[in-house]
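If you want the building blocks of each chain, they are given just below.
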Amino acid sequence: MSFINYSSREINCKIVYYGPGLCGKTTNLQYVYARTSPEAKGKMISLATETERTLFFDFLPLSLGEIRGFKTRFHLYTVPGQVFYDASRKLILKGVDGVVFVADSQIERMEANLESVENLRVNLAEQGYDLNRIPYVVQYNKRDLPNVATVDELQRLLNPRRVPEFQAIAPTGVGVFDTLKQVAKLVLTELKRGS
Amino acid sequence: MNPGLVLYEEEFRKISGICDRLTRDAGAKVVFLVDKNGQLIAATGQSQNLDTTSLASLTAGNVAAMGGLAKLIGENEFPSQFHEGEHESLHMSIVAGKVVLVVIFDARSSLGLVRLRVKKASEELARVFEQLARRQATPGARNPLAEITDDDIDDLFST
């Protein structure tokens, strides 16, 4: 849920990175954090287990510049991808303005991808959102690995609605900022339309 | 899509005034107000050296998690929480069902005093949020983003 503050002239929005366990959600945020100038970012918080798996969420506040005198601030969150953290995933979706689905391109993770998209749809609906209407982009991550599905196949299974989609290699940054920019743009466009 | 929270100058001044007074009356170090989605609305007291953005996000995460726990045991939510540290303590309470009032205090104050002052401030804040909700619901309320064009949005991402 966006927050527009006339006093500080700020537009604040929330973007959630969703996807199956180990698909690269946290890596997306880490890359954004590493490549953003200090004045445009806040501290990145990772609530993770001792083995560095996301336990509750990662959080990264980011400024993307000004529109007509309003600073645009985006709060990026990841969810824990492991199946049994579903209660936490639901909480993080509260008040979301835009969603990035990070898919693991490896063939053996296709079932996990499908399960996660369905889980996203159900959990969004519980919060009163419709996946077909919310600003939404899909990222096919891990394109550098040997055993990956074709983009056509990924698209057919995970993105039948043909929302904006990006191929990515998150550790090296391929596709990371393109994904972020696209979802941020969709969120602002939706806010403008909604207003 | 949910229209979100819009905060206008007048209500912001009232909210800041209430938080300021609470900081003094409760002998608190810092008072801040966060919406349940983790957006910081106001911060008063010695907040200059605090990472208020992170505090806001973690507060919302904590309140959301406790709300989830409450529902599991048949409660609607836990309206307030208290965390006692060695030097600093933290009191959180839900105001008007949608924002969280956080008070950070040390040994110079006490939980009893904080609770007492929070109760009064919460009532005042609830009235401001009612006023804000009415203003947002008014037909013809100022559209904050109506003047923004598609080109403005494109320009933001052109570099």
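Up top is the structure.
Let me sum up the structure you'll find in this document. In every chain, residue numbers begin from 1 and rise along the written sequence. Chains and ligands are labelled sequentially in the order written, the chains with letters from A and the ligands with numbers from 1. At least 70 in pLDDT is required for a residue's local features to be given in this predicted model, at least 80 for side-chain atom pairs to be given and counted, and no such filter applies to totals for whole chains, interfaces and linings, which use all residues.

**Focus on the overall build of chain B**
Then, in step 1: Helix and strand definitions follow DSSP, with helices as H or I runs of at least four residues and strands as E runs of at least two, each counted in order from the N terminus. Of regular secondary structure, chain B possesses four helices and six strands.
Then, in step 2: Counting all 159 residues of chain B, 37% fall into the buried class.
Then, in step 3: In chain B, 51% of the contacts between residues at least 6 apart in sequence involve partners at least 24 apart. Residues with at least 20 other C-beta atoms within 10 Å of their own are called buried, those with 12 or fewer are called exposed, and the rest are partly exposed. The C-beta atoms themselves are positioned from the backbone. The contact criterion used here is simple: two residues whose C-beta atoms, placed from the backbone, lie within 7 Å are in contact.

**Considerations on the overall build of chain A**
Then, in step 1: Secondary structure summary: chain A contains five helices and eight strands in total.
Then, in step 2: Starting at the N terminus, the α and β elements of chain A follow one another as β-β-α-β-β-β-α-β-α-β-α-β-α.
Then, in step 3: For this measure, only C-alpha atoms enter the radius of gyration; the expected value for a globule follows 2.2 Å times N^0.38, where N is the number of residues. For 195 residues, the compact-globule estimate of 2.2 N^0.38 gives 16 Å, and chain A sits close to it at 16 Å.
Then, in step 4: Dimensions of chain A, computed from the C-alpha atoms along their principal axes, are close to 50 × 30 × 30 Å.
Then, in step 5: Sorting the 195 residues of chain A into buried and exposed places 49% on the buried side.
Then, in step 6: The long-range fraction of contacts in chain A, counting pairs at least 24 apart against all pairs at least 6 apart in sequence, stands at 70%.

**Things to note about the nonpolar core**
Then, in step 1: To define a nonpolar core, we join buried Ala, Val, Leu, Ile, Met, Phe, Trp, Tyr and Cys residues through C-beta atoms within 7 Å and take the resulting set. V16 of chain A together with F32, V34 and V103 of chain B are the most contacted members of the largest nonpolar core, which totals 96 residues.
Then, in step 2: Per-element tally for this core: the top contributor is helix α5 (residues 176–194) of chain A, with eight residues.
Then, in step 3: Non-local contacts of V16 of chain A, meaning those with residues more than four positions away in its chain, are made with Y77, V79, I92, L93, V96 and V99 of chain A.

**Structural notes on the sheet that holds strand β5 (residues 89–95) of chain B**
Residue and element names in this part refer to chain B.
Then, in step 1: One requirement defines pairing of two strands: DSSP has to find at least two bridges between them. What the five strands build is an open sheet, ordered β3-β2-β6-β5-β4; its pairing is antiparallel. Edge positions in the sheet fall to β3 (40–45) and β4 (80–84), since each has one partner strand and no second. Going across the sheet, the axis of each strand differs from the next one's by a mean of 10°, ignoring polarity.
Then, in step 2: Across the sheet, helix α1 (residues 9–25) is in contact with β2 (30–35) and β3; its angle to β3 comes to roughly 35°.
Then, in step 3: A fitted line through C-alpha atoms serves as each axis, taken over the contacting stretch for helices, and the angle formed by two N-to-C directions is quoted from 0 to 180°. Across the sheet, helix α3 (residues 111–137) is in contact with β4, β5 and β6 (99–105); its angle to β6 comes to roughly 150°.

**Points about the environment of K142 of chain A**
Residue and element names in this part refer to chain A.
Then, in step 1: Mapped onto the fold, K142 is located in the loop between β7 (136–141) and α4 (151–158).
Then, in step 2: Between the C-alpha atom of K142 and that of F101, which follows or precedes it by 41 residues, the distance is 13 Å.
Then, in step 3: Excluding residues that lie within four positions of it along the chain, K142 makes contacts with G24, D104, S105, Q106, V148 and I169.

**Re the packing of α1 of chain B against α3 of chain B**
Residue and element names in this part refer to chain B.
Then, in step 1: Look at α1 against α3: their axes get within 10 Å of each other, and the N-to-C directions meet at 180°. One way to sum up the angle between α1 and α3 is to call them roughly antiparallel. Where α1 approaches α3, its residues E11, K14, I15, I18, L22 and D25 are matched on the opposing element by R117, V118, A121, E124, L125, V128, Q131 and L132.
Then, in step 2: Across the contact of α1 with α3, the residue classes break down as eight nonpolar, one polar and five charged. In this scheme, roughly parallel covers angles under 35 degrees and roughly antiparallel covers those over 145, while 65 to 115 is roughly perpendicular and the rest are oblique. Under the scheme applied here, ten amino acids are nonpolar (Ala, Val, Leu, Ile, Met, Phe, Trp, Tyr, Cys and Pro), four are charged (Asp, Glu, Lys and Arg), and all others, including Gly, are polar.

**Some thoughts on the interface of chain A and chain B**
Then, in step 1: With 36 residues of chain A in contact, the opposing surface of chain B contributes 34 residues.
Then, in step 2: Where the side of chain A that touches chain B is concerned, the elements lending two or more residues are β1 (3–5), β2 (10–18), β4 (54–67), β5 (70–78), α2 (86–92) and α5 of chain A.
Then, in step 3: Counting residues per element, the side of chain A that touches chain B draws most heavily on α5 of chain A, at eight residues.
Then, in step 4: Residue composition of the side of chain A that touches chain B, grouped by class: 16 nonpolar, twelve polar and eight charged.
Then, in step 5: Pairing analysis gives three bridges linking β1 of chain A to strand β1 (residues 5–7) of chain B, with the strands arranged parallel. Counted as the bridge partner of F3 of chain A is L5 of chain B from β1 of chain B.

**Details of unusual backbone geometry**
Residue and element names in this part refer to chain A.
Then, in step 1: Even without a glycine there, the phi angle at L22 is positive, about 65°.
Then, in step 2: Inspection of the secondary structure assignment puts L22 in the loop between β2 and α1 (25–34).
Then, in step 3: Looking at L22, the number of C-beta atoms within 10 Å reads 17, which means it is partly exposed.
Then, in step 4: Despite not being glycine, K142 shows a phi value in the positive range, around 65°.
Then, in step 5: Residue classification places K142 among the buried positions, given that 22 C-beta atoms sit within 10 Å.

**Some points on α5 of chain A**
Then, in step 1: Multiplying one less than the number of residues by 1.5 Å gives the expected span of a helix. The end-to-end C-alpha distance of α5 of chain A is 27 Å, a good match for the 27 Å that 19 residues give at a rise of 1.5 Å each.
Then, in step 2: Those residues of α5 of chain A lying buried are V176, T179, L180, Q182, V183, A184, K185, L186, V187, L188 and L191 of chain A.

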